[in-house]
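Report on the structure
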Amino acid sequence: MRNVWIIFRKELRSYFVSPIAYLLLTMFAVIFGFFFWNSLGYFVFMGMESQMRGQAFPMNLNEQLIRPLLSNASVIGLFFIPMITMRLFAEEKRTGTIELLTTSPIRDVEVIIGKWLAAVSLYAGMLLFTALNFAFLFKYGNPDWKPLAIGYLGLLLQAGGLLAIGTFISTLTRNQIIAGAATFGVCLLLWVLEWVSGYETATWARVLSYLSVINHFESFAKGVIDSKDAIFYVTVIFLGLFFTSRSMESLRWRS
Amino acid sequence: MIKVTELTKKYARNVAVDHISFEVQKGEIIGFLGPNGAGKTTTMRMLTCFLPPSAGSATVAGFDVLEQPLEVKKRIGYLPETPPLYPEMDTTEYLTFVGKLKGLSGSELRGRIDYVCERCAITDVRHKLLGRLSKGYRQRVGLAQAIIHNPDVLILDEPTAGLDPKQINETRDLIKGLAGDHTIILSTHILPEVEQTCQKVMIINRGKLVATDSVQNLQSRARGAELVLVEVAGRNGNLDSATVQRRLEQIAGVSRVIFKETHQNRNMFEVESQKGFLRGDLARAVVEAGWDLNELRPTAMSLEEIFLQLTGEEVTDKAAAKGGQ
Ligand SMILES: Nc1ncnc2c1ncn2[C@@H]1O[C@H](COP(=O)(O)OP(=O)(O)OP(=O)(O)O)[C@@H](O)[C@H]1O
Ligand SMILES: [Mg+2]
């Protein structure tokens, strides 16, 4: 446990020493902010429209504003995950510091979990910025906070899974750019897999769309914790970290 | 303290370390010597549990590197070939991180950091970013990192690479000072370094151990017991070097005469003998022949020559180069 903490601190610190953390936080905040104010504007416009027509258009902040925004956030996240994980192991391999970690009295799992937790924390920090936007809604509106919290939990779980995959990919190369590009490709693929379900209902299509990480986010966005979806994310996290540890072991056999 | 039996490492195509066996007693300093690509780094990586052996076994302080790697790692301080530094950390921060990894904390850790900074002469760069350090300083911080937890066994892969002469001496003294409590294995290409710091030498070539012995034994084991440099000049006119060589070879006890070079009419020879003390015979022979004896100087067979002799092919290269002169 102590060792996990040591690695976690070192990793988080190096995110903030290099400007990468600030860059990611700012970009995520700006992009999400744009989506937020855009949707809010549209929402307000729709509200006025319905009033002018005199019909009682059902206006619900949670249903019509928060839910699509959370889905947006989950997709924006896909683009940021490679930038968080790409350096985790690739950089240590390139500079040879991996030799320090693997010859210190510390287990591989402790290194892996420490690094992964640091990546998750940075992502959580990025989400925290988006929460500021929602705080604005609470000030002027009256949304239900529970679905929002569940939505955030879903975002975190989804990112946890993708970050675990990114961590794994980072152990495969000593080149950050390759690690980042490969992770981005995988993230993108896991997102678009879902599209096959649009025209095909055969088993293979259902398997593919089951693998799509975005699919499993829908229930969270609605504000329900569906245990099937939660288990899916936890499994992805577990598998990602498991493969990372296998790869770290075989890295020694190879190099 | 360290026991290695039939240790082997195979890479996809080549065998980097080939059935090496040796033992190191507590408190010894062992020099690991070999040309580039001999397998020094690979052997050290297996001892530090970075690489698993393909065959054979190695134990450190009684713990097997495959069975109980955590126990082995606790007892080892390791300086890899390239010092494992994080460029975004400063020296103190880095040493704190490594110290914690090795299980130190609190005032003990702070005390050790002060101590190693002083021992490795890096106090003046304590607050400098590692990425901005010069090569020599990086090497010193690497050494500091290896000894931070006062390990029983120190494994140093070319510890003096990139240091200035003054620092090389200081590092050698530091290493010598650490012996006794610590068991040290260091690798190097620099032969005088082994002569100065180590008690024992292991010479490795193409993955095979070609010699393990104390420095003195190795020196006397070398072919000639004595090597003498003789310079002969003719009284008047030219002197045929072949004549001199023939005369020298006739002296009883001389096993080999090598013609080194000729300068105007001065001829240099290297005379090798099995028995010692033939300098008197040599001098008399030269003078009786009516020549001048300009110089007569015994030269010990250097470790370098032993090394070249033991590692084979370079000897023939050297001989070929000589023949061509
Ligand atoms: N990762 C690897 N994959 C394949 N072969 C390797 C690998 N690492 C080392 N080798 C080979 O193993 C042999 C021994 O290499 P090693 O690094 O142990 O030599 P060394 O004695 O440390 O040399 P140097 O004095 O140059 O540091 C070399 O032939 C090298 O090419
Ligand atoms: Mg080497």
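Every value quoted in this text rests on a predicted model; they were computed, and no experiment measured them.

Rules used throughout
- Residues numbered from 1 in each chain as written.
- Chains lettered and ligands numbered in written order.
- Predicted model: local features only at pLDDT ≥ 70, side-chain atom pairs only at ≥ 80, totals over all residues.
- Heavy atoms only, no water.
- Axes fitted to C-alpha atoms, helices over the stretch in contact; angles between N-to-C directions.
- Helix = DSSP H or I, 4+ residues; strand = E, 2+ residues; numbered from the N terminus.
- Parallel < 35°, antiparallel > 145°, perpendicular 65-115°, else oblique.
- Left-handed = near helix turned anticlockwise from the far one by under 90°.
- Contact = heavy atoms within 4.5 Å.
- Nonpolar A, V, L, I, M, F, W, Y, C, P; charged D, E, K, R; others polar.
- Donors = N, O, S within 2.8 Å, 3.2 Å for Na, K, Ca; no water.
- Buried < 20%, exposed > 50% of the residue type's maximum accessible area, 1.4 Å probe, protein only.
- Buried area = accessible area lost by both parts, 1.4 Å probe.
- Salt bridge = Lys/Arg side-chain N within 4 Å of Asp/Glu carboxyl O.
- Polar contact = N/O pair within 3.5 Å; in protein donor to acceptor, adjacent residues only side chain to side chain.
- pLDDT = per-residue confidence, 0-100.
- Domains from an automatic or database assignment.
- Pairing = 2+ DSSP bridges.
- Phe/Tyr/Trp six-rings, centres within 6.5 Å; stacked < 30°, edge-to-face > 60°.

1. Describing the packing of helix H3 (residues 61–85) of chain A against helix H8 (residues 176–192) of chain A
All names here are of chain A. It is the contact of H3 with H8, at a shortest axis distance of 8 Å, that shows an interaxial angle of 155°. Taken together, H3 and H8 sit at an angle that is classed as roughly antiparallel. Where H3 crosses over H8, the two elements pack in a sense that is right-handed. Residue-level contacts link Val-75, Leu-78, Phe-79, Ile-81, Pro-82 and Thr-85 of H3 to Gly-180, Thr-183, Phe-184, Cys-187, Leu-188 and Trp-191 of H8. For the contact of H3 with H8, a count of residues per class yields nine nonpolar, three polar and no charged.

2. Things to note about the coordination of the magnesium ion (ligand 2)
All names here are of chain B. Of the protein atoms, only Thr-41 (OG1) and Glu-81 (OE) coordinate the magnesium ion (ligand 2), at distances of 1.8 to 2.2 Å. Here Glu-81 lies in the loop between strand S6 (76–79) and helix H3 (91–101) and Thr-41 lies in helix H1 (residues 40–47), a separation of 40 residues in the sequence. The buried category is assigned to Thr-41, whose relative accessible area is 13%.

3. What about the interface of chain B and chain A?
Contacts between chain B and chain A engage 29 residues on the former and 25 residues on the latter. Summed over both partners, the interface of chain B with chain A comes to about 2,600 Å²; 61% of that surface belongs to carbon and sulfur atoms. Among the ionic pairs, Glu-99 of chain A bridges to Arg-45 of chain B, the shortest N-O distance being 3.1 Å. Where chain B touches chain A, the interface holds eight residue pairs in polar contact (both at pLDDT 80 or more). Elements that contribute at least two residues to the side of chain B that touches chain A include exactly helix H2 (69–74) and H3 of chain B.

4. Focus on the confidence of the model for chain B
Residue and element names in this part refer to chain B. Of all residues in chain B, 88% attain a pLDDT of 70 or more, and the chain-wide mean is 83. The weakest mean pLDDT in chain B belongs to helix H12 (residues 313–324) at 43; the strongest belongs to H3 at 95. This stretch, residues 314–325, has a pLDDT under 50; its non-local contacts, to residues over four places away or in other chains, come to eight contacts. Of the two predicted TM-score estimates for the complex, the pTM is 0.83 and the ipTM is 0.88.

5. What about the domain arrangement of chain B?
By the assigned domains, chain B splits into domain 1 (2–213) and domain 2 (224–299). For domain 1 of chain B versus domain 2 of chain B, the separation of C-alpha centres amounts to 46 Å.

6. Regarding the side chain of Arg-126 of chain B
Residue and element names in this part refer to chain B. Mapped onto the elements of the fold, Arg-126 is located in the loop between helix H4 (106–119) and helix H5 (135–147). Classification of Arg-126 by relative accessible area gives buried; the value is 17%. A distance of 2.8 Å separates the side chain of Arg-126 from the side chain of Asp-114, its partner in a polar contact.

7. Here we look at the sheet that holds strand S9 (residues 200–205) of chain B
All names here are of chain B. One open sheet holds the six strands; their spatial order is S6-S7-S8-S3-S9-S10, and the pairing between them is mixed. For this open sheet the edge positions go to S6 and strand S10 (208–214), each flanked by a neighbour on one side alone. On average, each strand axis in the sheet is tilted by 15° relative to the strand beside it, whichever way the strands run. Sheet strands in contact with H1 are strand S3 (29–33), S6, strand S7 (153–157), strand S8 (183–188) and S9, and its direction is about 155° off that of S8. Packing of H5 onto the sheet brings it into contact with S6 and S7, and relative to S6 it is tilted by some 170°.

8. Thoughts on the confidence of the model for chain A
Reading predicted coordinates in detail is not appropriate for stretches of low pLDDT. The share of residues in chain A with pLDDT of 70 or more is 96%, and the mean pLDDT across the chain is 87. Least confident of the elements in chain A is helix H9 (residues 203–211) of chain A, whose mean pLDDT is 81; most confident is helix H1 (residues 2–17) of chain A, at 94.

9. Thoughts on the packing of aromatic side chains
Residues and elements named next belong to chain A. Counted according to the given criterion, the structure contains 20 aromatic pairs over all chains. Arranged with centres 5.2 Å apart and planes meeting at 90°, the rings of Phe-28 and Phe-80 form a pair that is edge-to-face. In this pair, Phe-28 is assigned in helix H2 (residues 20–53) and Phe-80 in helix H3, connecting sequence segments 52 residues apart. This pair shows no difference in class: Phe-28 is buried, exactly as Phe-80 is. Ring centres 5.3 Å apart and planes at 80° place the aromatic pair Tyr-210 and Phe-232 in the edge-to-face group. Of this pair, Tyr-210 sits in helix H9 while Phe-232 sits in helix H11 (residues 227–254), and the two are 22 residues apart along the sequence.

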